[in-house]
Amino acid sequence: MNASTNAPSSRRSDASLAAPSRRSDATRGAILVAARERFAADGYERATIRAIARDASIDPSMVMRYYGSKEGLFAAAVTLDLRLPDLRRVPPDEVGRALVGHFLDLWEENGELTAVLRVGVTNQTGAERMQAIFGEQLLPVARQVCPDPERAPARAALCAAQLLGVALTRYVLRLPAVMDLHRDELVAWLGPTIQRYLTAPSP
């Protein structure tokens, strides 16, 4: 008797717990959709939390509650495809130059990537987003060509350190000496280093 009388109450309790969760997920989803559209239309600097909240039909405090800051929201909202080349189709001695050239073109063309890097330097959520982008996309490419797949994470990390260092100094800090380097010079300097990280025997 007790089991039968308790069952409906239990079901009601489960439903009441699930409802706020569904509302929370819907709110988060609405914020992310509005943020992606606003960042795409206005850019990172001009997009505001107030405008994003208005687009999502919620109070600005809700955006801050879920994402903490504009930087955190940007990091969560932006998804980036690095469009990395299939290095198996590149001559073995050209993979370093090919990867460096690809990244330089990508940084030049994609302002969002620079914005994510800028956010990642100052915001933990942004750093985690950048880590995920490179971990999920660069690591499989490193595995395509490295001679010891078990060392692929370390090799990919070394490539990321080199490429992100150049991006930080050229596109965020805008150091004059780095900015003055022509694309071909950067490829010539960095290509052999990335080549070594990807294909040389482990030390």
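Up top is the structure these notes are about.
Residues numbered from 1 in each chain as written. Predicted model: local features only at pLDDT ≥ 70, side-chain atom pairs only at ≥ 80, totals over all residues. Heavy atoms only, no water.

A. Highlighting the overall build of the chain. Looking only at helices and strands, the chain has 10 helices and 0 strands in total. Listing each helix as α and each strand as β along the chain from the N terminus yields α-α-α-α-α-α-α-α-α-α. C-alpha atoms of the chain, sized along the principal axes, occupy 75 × 45 × 25 Å. Scored against the burial criterion, the 203 residues of the chain give a buried share of 42%. Taking all contacts inside the chain whose residues are at least 6 apart in sequence as the whole, residues at least 24 apart take part in 68%. Within the structure as shown, the chain displays about 11400 Å² of accessible surface, and the carbon and sulfur contribution to it stands at 54%. (Helix = DSSP H or I, 4+ residues; strand = E, 2+ residues; numbered from the N terminus. Buried < 20%, exposed > 50% of the residue type's maximum accessible area, 1.4 Å probe, protein only. Contact = heavy atoms within 4.5 Å. Areas by Shrake-Rupley, 256 points an atom, 1.4 Å probe, with all protein chains shown as cover.)

B. Just the pattern of salt bridges, in detail. Evaluation of the coordinates by the stated rule reveals 10 salt bridges. Its salt-bridge partner being R38, residue D42 comes within 2.9 Å of it at the nearest N-O pair. In this pair, D42 and R38 both sit in helix 1 (residues 2-46), 4 residues apart, roughly one turn of the helix. Measuring nitrogen to oxygen at the nearest pair gives 3.6 Å for the salt bridge that ties R89 to D86. By relative accessible area, R89 is classed as exposed at 74%. (Salt bridge = Lys/Arg side-chain N within 4 Å of Asp/Glu carboxyl O.)

C. View of empty space enclosed by the protein. Counted by the stated rule, this structure contains 1 cavity of 30 Å³ or more. Looking at the largest cavity, its volume works out to about 40 Å³. As for the largest cavity, its lining consists of V100, F103, L104, W107, L163, V166, A167 and L190. Breaking the lining of the largest cavity down by element, the ones donating at least two residues are helix 5 (95-109) and helix 8 (152-172). Residue contributions to the lining of the largest cavity peak at 4 residues, all from helix 5. Along the lines of polarity and charge, the residues of the lining of the largest cavity split into 8 nonpolar, no polar and no charged. (1 Å grid on protein atoms, 1.4 Å probe; cavity = no way out; pocket = protein on both sides within 12 Å on 5 of 7 lines; lining within 4 Å. Points joined across faces, edges and corners; volume = space filled by probe spheres on them. Nonpolar A, V, L, I, M, F, W, Y, C, P; charged D, E, K, R; others polar.)

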